[in-house]
Amino acid sequence: MTPLVYVLNGPNLNLLGVREPAIYGSETLADLRARTEKVAGAHGLKIDFRQSNVEGEIVNWVQEARTKAKGIIINAGGYTHTSVAILDALQASELPVIEVHLSNIFRRDEFRQHSYISLAATGVICGLGGKGYELAVEAMANILGNAAKKA
Ligand code: CA2
């Protein structure tokens, strides 16, 4: 069966392509989804791509992923810098997690330079725009492929 990977997007990422193109680029979330699904197909993965502005909904999705998915790619948006609840859910999932950010959070405000999510992440990709989502899928395919070889 094709391994399923959840790609979870946090608050305000539904505004991509509409505002702040200088920071986040001109691609919409639908564009990112299409790119992500294309690369996933090429690597033998299936994607479940979601966005929510609600912290608890993201927590529920991470809990759901524990039984339904083989890995999680997450751009938690502003919750990256505040959410112990999402961190706890990611740690409880025991799944490989790749954290993605469109912008380079280390070149921005000081409060963006700390991520709770990173404590649960196998790897972090930031500052590469939409390409980061493609690279995250590639990294996840690599992690899952290696895991399959060891099993
Ligand atoms: O760089 C990223 O991907 C972020 O996760 C994006 C979050 C931000 O809070 C993080 O520090 C870094 C914000 C997403 C908001 O996206 C918008 C898109 C268009 C217009 C306004 C906000």
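Scroll up a little and you will see the structure.
Note that this is a predicted model, so its numbers are computed, not measured.

## A look at the site of the ligand
So, step 1. Near the ligand there are 17 residues, and of these Asn75, His81, His101, Leu102 and Ser103 occur at the shortest range.
So, step 2. Here an oxygen atom of the ligand sits 2.8 Å away from a polar atom, N or O, in the side chain of Asn75.
So, step 3. Side-chain polar atom of Arg112 to an oxygen atom of the ligand: 2.9 Å apart, as the coordinates give it.
So, step 4. Surface burial for the ligand is 93%, taken as the share of its 510 Å² of free accessible area covered by protein chains.
So, step 5. When atom positions are compared with the pocket grids, the ligand is found to occupy the largest pocket.
So, step 6. Across the shell around the ligand, the residue classes tally to 7 nonpolar, 7 polar and 3 charged.

## Side note on unusual backbone geometry
So, step 1. Even without glycine at this site, Asn12 takes up a positive phi of about 75 degrees.
So, step 2. Its place among the elements puts Asn12 in the loop between β1 (4-9) and α1 (21-24).
So, step 3. A positive phi angle, close to 55 degrees, is found at Glu94, a residue other than glycine.
So, step 4. Within the secondary structure, Glu94 is located in the loop between α4 (84-93) and β4 (97-101).
So, step 5. Exposure remark for Glu94: the relative accessible area of 74% places this residue in the exposed category.

## A few points about the packing of helix α3 (residues 55-68) against α4
So, step 1. Remark: α3 packs on α4, axes separated minimally by 9 Å, with the N-to-C direction vectors making an angle of 5 degrees. The angle between α3 and α4 places the two elements in the roughly parallel class. Packed against α3, whose contacting residues are Glu55, Ile58, Val59, Val62 and Arg66, the element α4 presents Ala85, Ile86, Ala89, Leu90, Ala92 and Ser93 at the interface.
So, step 2. Classifying every residue of the contact of α3 with α4 by side-chain character gives 8 nonpolar, 1 polar and 2 charged.

## A few points about the sheet that holds β1
So, step 1. The 5 strands are arranged β2-β1-β3-β4-β5 in an open sheet whose pairing can be described as parallel. Where the open sheet ends on each side, the last strands, each with one partner, are β2 (46-51) and β5 (123-126). Neighbour to neighbour, the strand axes of the sheet diverge by 15 degrees on average, direction disregarded.
So, step 2. Sheet topology places strand β3 (residues 71-75) next to β4; 3 bridges connect them, and they run parallel. Bridged to Ile74 within β4 is Glu99.

Analysis parameters
- Note that residues are indexed from 1 along each chain, following the sequence as it is written.
- Where totals are concerned, whole chains, interfaces and linings use all residues; where local detail is concerned, this predicted model gives features only for residues with pLDDT of at least 70, and gives and counts side-chain atom pairs only at 80 or more.
- No hydrogens and no water enter the side-chain calculation; it runs on all heavy atoms of the structure.
- If a single non-hydrogen atom of a residue is within 4 Å of a molecule or strand, that residue counts as near it.
- Two N or O atoms count as a polar contact when they lie within 3.5 Å, although within protein this holds only if one can serve as hydrogen donor and the other as acceptor, and sequence-adjacent residues are included solely when both atoms are side-chain atoms.
- For the area figures, the Shrake-Rupley method with a 1.4 Å probe applies, and any residue is considered shielded solely by the protein chains shown.
- In this analysis the probe radius is 1.4 Å and the grid spacing 1 Å, with only protein atoms considered; a cavity is a set of points the probe fits into but cannot get out of, a pocket is an open set with protein on both sides within 12 Å along at least five of seven lines, and lining residues have an atom within 4 Å of a point.
- Molecules are considered to sit inside a cavity or pocket once more than half of their atoms lie within 2 Å of its grid points.
- Throughout this entry, Asp, Glu, Lys and Arg are counted as charged residues, while Ala, Val, Leu, Ile, Met, Phe, Trp, Tyr, Cys and Pro are counted as nonpolar. The remaining residues, Gly among them, count as polar.
- The way it works is that DSSP assigns letters per residue, a run of H or I at least four long becomes a helix, a run of E at least two long becomes a strand, and they are numbered from the N terminus.
- Accessible area is worked out with a 1.4 Å probe on protein chains only. A residue is then buried under 20% of its type maximum, exposed over 50%, and partly exposed in between.
- Fitted lines through C-alpha atoms give the axes, limited to the stretch in contact for helices. The angle between two N-to-C directions lies from 0 to 180 degrees.
- Relative orientations are named as follows: roughly parallel for angles under 35 degrees, roughly antiparallel for angles over 145 degrees, roughly perpendicular for angles from 65 to 115 degrees, and oblique for any other angle.
- Contacts are assigned to residue pairs that have any heavy atoms within 4.5 Å of one another.
- A strand pair is defined by DSSP finding two or more bridges across the two strands.

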